[in-house]
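Chain and residue survey
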Amino acid sequence: MPRTYEGMLDAKGFRFGLVVGRFNDLITGRLVEGALDCLSRHGALDDEITIVKVPGSWEIPLVAERLAGSGKVDAVIGLGVLIRGATPHFDYIAAETAKGLAHVGLSKGIPVSFGVLTCDTLEQALERSGAKAGNKGWQAAQAAIEMVQLYRTLGD
Ligand code: RBF
């Protein structure tokens, strides 16, 4: 049998940092609810969860980097909602948010979850934040739990 590693879904004893964009907060609020529900149902304590609100998705990697470098969290979960408009802003912000969060994860050595919706319409965003396509905040939190466990198993 090959040696196989995977992370369990147990959040007990781990500290999580949520970085949340206020832009489209009708929907980012739902992502936060989903993430918190997932964390608490997997054993994370409120005391071990830090939520930082930022203006929009562009700012998520900036604060994610600070949190990840603080030594105060074991994983960061970025939550934002980008809805395509009439100008190219969407593409610039979406690309930098994704690149920025990836960079934080690689450079800081702790898991960083990408819970940023990139949608064409408000309806698509609603569908992904607790309606027919589930709640991507919940899924981002679940990935963070699995990854902190996996990092612990793999060690340095
Ligand atoms: N932030 C988001 O999180 N989602 C958006 O859909 C979004 N759309 C924006 C559209 C424009 C034209 C601009 C200028 C900003 C937008 N932002 C959005 C805000 C952005 O992430 C950031 O907070 C601001 O640009 C300030 O740095």
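Now for a description of the structure that goes with this document. What you see is a predicted model; the values in this text were computed from it and never measured.

1. A look at the packing of helix α2 (residues 60–69) against helix α3 (residues 89–108)
What describes two packed helices is the angle between their axes and the distance between those same axes. For the pair α2 and α3, the least separation of the axes is 9 Å and the interaxial angle reads 10°. Accordingly, the angle class assigned to the pair α2 and α3 is roughly parallel. Residues Ile60, Pro61, Ala64, Glu65, Ala68 and Gly69 of α2 touch α3, and the partners they reach there are Glu96, Thr97, Gly100, Leu101, Val104 and Lys108. Split by residue class, the contact of α2 with α3 holds 6 nonpolar, 3 polar and 3 charged.

2. So, the side chain of glutamine 149
Position of glutamine 149 relative to the elements: it lies in helix α5 (residues 136–154). In this view, glutamine 149 contacts Gly7, Met8, Asp10 and Phe14; residues no more than four positions away in its chain are not counted.

3. Some thoughts on the nonpolar core
In this structure, Phe16, Leu18, Leu39, Ile77, Leu79 and Leu117 are the most contacted members of the largest nonpolar core, which totals 25 residues. Elements represented by at least two residues in this core include exactly β1 (16–21), α1 (25–41), β3 (75–83), β4 (112–119) and α5. In contact with leucine 18, not counting residues within four places along its chain, are Val32, Ala35, Leu36, Leu39, Ile49, Thr50, Ile51, Val52, Ile77 and Leu79. Counting 16 residues, the second largest nonpolar core, distinct from the first, contains Ala64, Leu67, Val76 and Phe90.

4. A word on the site of the ligand
In the neighbourhood of the ligand, the contacting residues comprise Phe23, Asn24, Pro55, Gly56, Ser57, Trp58, Glu59, Val81, Leu82, Ile83, His89 and Ile93. Serine 57 is positioned such that a nitrogen or oxygen atom in its side chain is 2.7 Å from an oxygen atom of the ligand. At 3.1 Å from an oxygen atom of the ligand is found a main-chain nitrogen or oxygen belonging to tryptophan 58. Within the complex, 67% of the 540 Å² of free accessible area of the ligand lies under protein. Among the elements of the structure, β3 and α3 are those that each provide at least two residues to the shell around the ligand. The greatest single-element share of the shell around the ligand, amounting to 3 residues, is contributed by β3. Counted by class, the shell around the ligand contains 7 nonpolar, 4 polar and 1 charged residues.

Cut-offs applied
- Just so you know, the residues in each chain are numbered from 1, in the order the chain's sequence is written.
- Where local features are concerned, this predicted model is filtered to residues with pLDDT of at least 70; where side-chain atom pairs are given and counted, the filter is 80 or more; whole-chain, interface and lining totals use all residues.
- Heavy atoms from the whole structure form the basis of all side-chain values; hydrogens and water molecules are not counted.
- A fitted line through C-alpha atoms represents every axis, and for helices the fit uses only the stretch in contact; the resulting angles, taken between N-to-C directions, go from 0 to 180 degrees.
- Under the DSSP-based scheme used, a helix requires at least four consecutive residues in state H or I and a strand at least two consecutive residues in state E, with every element numbered from the N terminus.
- Our angle categories are set so that under 35 degrees counts as roughly parallel, over 145 as roughly antiparallel, 65 to 115 as roughly perpendicular, and the remainder as oblique.
- Contacts were defined at the residue level, with two residues in contact if any of their heavy atoms lie within 4.5 Å.
- Here the nonpolar group is Ala, Val, Leu, Ile, Met, Phe, Trp, Tyr, Cys and Pro; Asp, Glu, Lys and Arg are the charged ones; every other residue, Gly included, is treated as polar.
- In this text, buried Ala, Val, Leu, Ile, Met, Phe, Trp, Tyr and Cys residues form a nonpolar core when linked through side-chain atoms within 4.5 Å.
- We call a residue buried when its accessible area falls under 20% of the maximum for its residue type, exposed when it is over 50%, and partly exposed in between, using a 1.4 Å probe and counting protein chains only.
- Proximity is defined per residue: if any heavy atom of the residue lies within 4 Å of a molecule or strand, that residue is considered near it.
- Polar contact criterion, stated in full: a pair of N or O atoms within 3.5 Å, where within protein one must be able to donate a hydrogen and the other to accept it, and residues adjacent in sequence count only if both atoms are side-chain atoms.
- Computed with the Shrake-Rupley method and a 1.4 Å probe, the accessible areas treat only the protein chains shown as cover for residues.

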